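Examining the three-dimensional arrangement
Residue strings, one per chain:
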Amino acid sequence: MVGVTTLTSPTRTPTRITQARFDPRLLVIGGAAAISVSSILIKLADVSPSTAVFFRCFLALPPLALLAWREYRRVGMPTRRALVLQALGGILLGLDFALWSQSILMIGAGIASVVVNVQVIVVPALSWLVFGNRVPLRFLFALPFMFTGIALAGGVFGGAAAGTDLLWGTVLSLISGIAYGGYIFVVGRIGAADRAASQVLVSTASAGIAGSLIGSLWGQIDFTPGWEAFIWLAALALVGQVFGWMLMGYSLPRLPAEVGATLLLMQPVLAVLLAVVLLGERPSAAQLLGCVVVVGAVSAVSVRRTRVGSAV
């Protein structure tokens, strides 16, 4: 429990009550649902990657700053080490935002969503390499089923449209997934659940700077994208960045690295389902089958820990 050990304020009791009331696995799924809306909002905004990253991050800063101030009054300032590592994690997140946004334009949302989920391998691998943590056998067993389900849900085997630069777009999405995995690893190890607001604030500010700079490789920031685009970008900031990542910042430190990474595989599945409801898209039978496979694989990895946690 990294978040508990870093807490020095006498306000532990409310935190423990919250922990008992809300299962962090459910909060990760809720955060994944909010973040899954991001691809739809980016599509509706129809702006360049640098513009999307800039508005996504910097419109989120005022509400995050308010939450961080309230958090500061309750538990005090984070350590200097935590702030530095959060900023580093934010750079990785900004790299993910920029490259993933561009890869969608090049190879399509389906294939990009499949490739970016390489994070499910990156996080446990880093946990093993850096800390020597064992990777559970059930996770290794479920891994091929996870990727098969994601591939089906993303439309790889169902005729999803691919862009004209498949190889380069796939490389960008792969690097994006590695950066995303690095961010999850950093937050899961040094993030404190009781300091979620400050963690998300610092990471978002860092991601906004890094992502805007990297995204400018494919076009400069448009500071006047028009009112319609601005509304979608504001929704992206509030739903995808503030609400989604606050849930992530609160729940990921409470979960083992491999469980948090695996639950985040719900994002591409939820993106398919949300596209049906919000954009009127009609997934194929193969995509629906992929959703079922991913949910089953996620359950296989997390159910044992859920039972153990309920007994504590």
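The residue numbering used here restarts from 1 in each chain and proceeds along that chain's sequence as written. In keeping with the predicted nature of the model, local features appear solely for residues at pLDDT of at least 70, side-chain atom pairs appear and are counted solely at 80 or more, and the whole-chain, interface and lining totals rest on all residues. To obtain the side-chain values, all non-hydrogen atoms of the structure were used and water was disregarded.

1. Section: helix H8 (residues 119–131)
Quick note on the threshold: Only DSSP runs of H or I with at least four residues qualify as helices, and only runs of E with at least two residues qualify as strands; both kinds are numbered from the N terminus onward. Multiplying 1.5 Å by the helix residue count minus one yields the expected span of that helix. Three labels apply to residues, based on accessible area from a 1.4 Å probe with only protein chains included: buried if under 20% of the type maximum, exposed if over 50%, partly exposed otherwise in between.
With 13 residues, H8 extends 17 Å between its outermost C-alpha atoms, agreeing within 8% with the 18 Å of an ideal straight helix rising 1.5 Å per residue. Every buried residue of H8 is listed here: Gln119, Val120, Val122, Val123, Pro124 and Ser127. Positive phi appears at glycine 132, one or two residues downstream of H8, with a value of about 70°.

2. Quick word on the packing of aromatic side chains
Which entries qualify depends on this criterion: Aromatic pairs are defined between Phe, Tyr and Trp rings, using the six-membered ring for Trp, whenever the two ring centres lie within 6.5 Å; interplanar angles under 30 degrees are classed as stacked, those over 60 as edge-to-face, and all others as tilted. Here, a charge over a ring means that NZ of Lys or CZ of Arg falls within 6 Å of the ring centre while also lying within 35 degrees of the ring normal.
If you walk through the whole model with that rule in mind, you get seven aromatic pairs. For the pair phenylalanine 54 and phenylalanine 58, a centre-to-centre distance of 5.0 Å together with 40° between the ring planes defines the contact as tilted. With phenylalanine 54 and phenylalanine 58 both in helix H4 (residues 49–58), this residue pair falls four residues apart, about one helical turn. Residue phenylalanine 58 is classed as partly exposed on the basis of its relative accessible area, which comes to 28%. Through pairs of rings, three or more aromatic residues link up here, namely Phe54, Phe55, Phe58, Phe223, Trp227 and Phe230. The ring of phenylalanine 97 carries arginine 56 above its face, with NZ or CZ at 3.8 Å from the centroid.

3. Overview of the confidence of the model for the protein
Rule in force here: pLDDT expresses, on a scale from 0 to 100, how confident the predictor is about each individual residue. Here, residues are in contact when the closest pair of their heavy atoms is within 4.5 Å.
Of all residues in the protein, 74% attain a pLDDT of 70 or more, and the chain-wide mean is 75. Mean pLDDT per element in the protein: helix H1 (residues 2–5) is the minimum at 30, and H4 is the maximum at 92. This stretch, residues 1–20, has a pLDDT under 50; its non-local contacts, to residues over four places away or in other chains, come to 28 contacts. Contacts of residues 304–312 to residues separated by more than four positions or lying in other chains number nine contacts, the stretch itself having pLDDT below 50.

4. Let's talk about the nonpolar core
Worth spelling out the cut-off: Take the buried Ala, Val, Leu, Ile, Met, Phe, Trp, Tyr and Cys residues and link them wherever side-chain atoms come within 4.5 Å; each set so joined is a nonpolar core.
With 26 residues, the main nonpolar core has Val28, Leu93, Phe97, Tyr183, Ile184, Trp245 and Met248 as its most contacted residues. Those elements that place two or more of their residues in this core are helix H3 (24–45), H4, helix H6 (80–107), helix H10 (166–190), helix H11 (196–215), helix H12 (227–251), helix H13 (257–263) and helix H14 (266–279). Ignoring any residue separated from it by four or fewer positions in sequence, one finds tryptophan 245 in contact with Ile35, Arg56, Leu93, Phe97, Tyr180, Tyr183, Val200 and Gly240. Among the nonpolar cores identified, the runner-up in size contains ten residues, and Val37, Leu41, Ala52 and Phe55 belong to it.

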